Amino acid sequence: MKRIFAFIRREIVFCIAALCAIASSFFVPPSRNYISYIDWNTLFILFALMSVIAALRDCGIFDRMAYVLCGHIHTSRILCTVLILLSFFTSMLITNDVALLTFVPFTLAILGTSTSGTVVLLTVVLETIAANTGSMLTPLGNPQNLFLFSKMGVGIGRFMLIIIIYSTISLVLLGLSTRLIPNMHLSVKGTSASSSVTARQQEHKEHGIHLSRTTQEVIYAILFALCLLCVLRIVPKWIAAASVCAVLLVLNRKVLKNVDYMLLLTFTAFFIFTGNIAAIPSVNAFLEKAVSGHEFAVSVLCSQVISNVPATLLLYPFAKDIPSLLVGANVGGLGTLVASLASLISFKLYSSATKKIQLPSCGMYMAVFTALNLLFLAVLAGFFIFL
């Protein structure tokens with residue numbers, strides 16, 4: 001029973017999605033139509049991207065990048081600013097959750113023993129905001145962007161033009177927010193990245209063919225380029241999924257175990273739920289009336305409760321103004337802790353770190369996180385209303 005409750009707490013969004021899909025099946029009995037509800041292309045490219053990025057991260061490429069860029073900086077505000085900018089810009093290509101999984105542990109390890117807890121708290125919060133606002137600019141940045149880009153039928157340039165002003169404003173706000181970080185002297189040592197990579201290489205011998213780190217990185221970079229071609233609609237999505245799966249089964253099977261399959265199942269459950277809802281005329285008419293013309297506001301509000309990925313999947317079938325839905329879902333990732341699932345990653349990492357190093361309490365983290373997120377949300381929402 002404890003394991004069941006632990007699973008529910010850990011995968012609350014999936015559980016909600018599954019319950020919604022099951023409840024809707026009482027009104028629309030299961031049939032072959034369920035298969036047509038599922039956007040297989042979105043699932044294929046999500047799987048491919050998550051797998052290849054997990055493989056690149058397993059090689060330690062992001063860790064080494066962080067150490068190379070930050071290893072010679074000895075002032076807390078400058079180092080924290082670099083880490084925040086890294087989270088912002090890398091999230092555009094490696095997704096917001098992977099950016100946080102890379103840079104938040106690095107931040108806790110480096111700053112946790114060389115500066116004050118206040119510096120660490122502010123940096124982790126701003127890194128989280130940076131990852132959520134930087135990722136909004138590209139289709140690769142987060143799952144809802146990937147889904148909407150595949151549905152909108154526009155080029156990547158047009159897609160980025162819709163959102164670039166909000167990402168730019170966020171970058172300016174982040175720059176101003178770094179002034180909150182105390183400027184302290186610190187000493188950064190760049191040794192742990194190489195040791196962690198060595199440990200990973202030892203594990204590779206047990207989970208696939210052992211190749212040099214450089215060879216692996218080249219292969220994974222080619223796979224990532226293949227994923228980009230799929231996003232640009234040059235190569236079919238299933239080819240990327242099949243290629244990534246086949247290569248990793250040979251080179252590093254362990255990576256496939258680290259893919260977020262619960263996210264894929266969450267997408268599947270919401271596809272079934274929204275498909276069933278659309279098949280109920282009365283409910284369909286109500287949601288279309290409630291959402292149409294109010295895409296931005298409704299998506300922002302829904303995101304605060306169920307997070308922006310499920311909100312996008314729920315609202316898309318009833319939205320007429322897709323660009324407004326795109327902006328609302330991305331801006332809606334700011335606000336509450338659950339508005340973006342990536343924010344939960346930072347909180348869990350910070351919470352675990354409080355048991356090992358002296359940091360402000362999780363309650364203080366929540367207070368600072370909520371205050372800064374609401375500030376960013378208010379500015380971006382106000383700009384949308386002004387436009």
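Small disclaimer: the values here were computed from a predicted structure and weren't measured.

A. Fine view of the packing of aromatic side chains. By the definition in use, this model includes 14 aromatic pairs. With a centroid separation of 5.4 Å and an interplanar angle of 90 degrees, the aromatic rings of F149 and F159 are classed as edge-to-face. Of this pair, F149 sits in helix α9 (residues 143-152) while F159 sits in helix α10 (residues 156-177); the two residues are 10 residues apart in sequence, bridging distant segments of the chain. In this structure F149 comes out as buried when scored by relative accessible area, which is 3%.

B. View of the side chain of S91. Its place among the elements puts S91 in helix α6 (residues 76-94). Here F88 takes part through its backbone oxygen, which lies 2.7 Å from a polar atom of the side chain of S91. Of the polar contacts made by the side chain of S91, one reaches the backbone nitrogen of S135; its length is 3.1 Å.

C. Region of interest: helix α4 (residues 40-58). An ideal rise of 1.5 Å per residue puts 27 Å on 19 residues; α4 measures up with 27 Å between its terminal C-alpha atoms. Summarising burial for α4: 14 of the 19 residues are buried, a large majority. Remark: G60 follows α4 within two positions and exhibits a positive phi of approximately 85 degrees.

D. Highlighting the nonpolar core. If you look at the biggest cluster of nonpolar residues, it comprises 117 residues, and the most contacted ones within it are L108, L111, I129, L174, Y220, C227 and F267. With 11 residues, α4 is the largest single contributor of residues to this core. Once residues lying within four places of it in the same chain are set aside, the contact partners of F267 are T42, L43, L46, P143, F147, V309 and L313.

E. View of the pattern of salt bridges. Applying the stated criterion across every chain yields a total of 3 salt bridges. With a closest N to O distance of 3.1 Å, D39 and K151 form a salt bridge. Residue D39 is found in the loop between α3 (33-37) and α4, and its partner K151 is found in helix α9; the two are separated by 112 residues along the sequence. Judged by relative accessible area, which is 12%, D39 ranks as buried. A salt bridge links K320 to E288, with the nearest nitrogen and oxygen atoms 2.5 Å apart. Pair noted here: K320 is in the loop between α18 (308-315) and α19 (322-331) and E288 is in helix α16 (residues 281-291), with a separation of 32 residues, a long-range link.

F. Seen up close, unusual backbone geometry. Positioned with a positive phi, T95 is a non-glycine residue whose angle comes to about 75 degrees. One can find T95 in the loop between α6 and α7 (96-111). With a phi angle near 80 degrees, S307 is a residue other than glycine that sits in the positive phi range. With respect to the helices and strands, S307 occurs in the loop between α17 (295-306) and α18.

G. Quick peek at the environment of A371. Take A371: it is sitting in helix α21 (residues 362-386). Judged by relative accessible area, which is 48%, A371 ranks as partly exposed. In this structure the C-alpha to C-alpha distance between A371 and A297, which are 74 residues apart in sequence, comes to 20 Å.

H. Expanded view of a nonpolar patch on the surface. A contiguous nonpolar patch, built from M1, I4, F5, I8, I12 and I16 and spanning about 570 Å² of accessible area, is present on the exposed surface. Elements that contribute at least two residues to the nonpolar patch include exactly α1 (2-10) and α2 (12-25). Looking at the nonpolar patch, the element that brings in the most residues is α1, giving 3 residues.

I. Representation of the packing of α10 against α21. It is at 11 Å that the axes of α10 and α21 come closest, and there the two elements cross at 145 degrees. As α10 runs across α21, the sense of the crossing is right-handed. For the pair formed by α10 and α21, the contact residues are I165, Y166, I169, S170, L173, L174 and S177 on the first element and F376, V379, L380, F383 and F384 on the second. Partitioned by chemical class, the residues of the contact of α10 with α21 number 10 nonpolar, 2 polar and no charged.

Rules of the game
Residues numbered from 1 in each chain as written. Predicted model: local features only at pLDDT ≥ 70, side-chain atom pairs only at ≥ 80, totals over all residues. Heavy atoms only, no water. Phe/Tyr/Trp six-rings, centres within 6.5 Å; stacked < 30°, edge-to-face > 60°. Helix = DSSP H or I, 4+ residues; strand = E, 2+ residues; numbered from the N terminus. Buried < 20%, exposed > 50% of the residue type's maximum accessible area, 1.4 Å probe, protein only. Polar contact = N/O pair within 3.5 Å; in protein donor to acceptor, adjacent residues only side chain to side chain. Expected span 1.5 Å × (residues − 1). Core = buried A, V, L, I, M, F, W, Y, C linked by side-chain atoms within 4.5 Å. Contact = heavy atoms within 4.5 Å. Salt bridge = Lys/Arg side-chain N within 4 Å of Asp/Glu carboxyl O. Patch = residues over 30% accessible without salt bridge, like charges linked within 9 Å, V, L, I, M, F, W, Y side chains within 5 Å. Areas by Shrake-Rupley, 256 points an atom, 1.4 Å probe, with all protein chains shown as cover. Axes fitted to C-alpha atoms, helices over the stretch in contact; angles between N-to-C directions. Left-handed = near helix turned anticlockwise from the far one by under 90°. Nonpolar A, V, L, I, M, F, W, Y, C, P; charged D, E, K, R; others polar.

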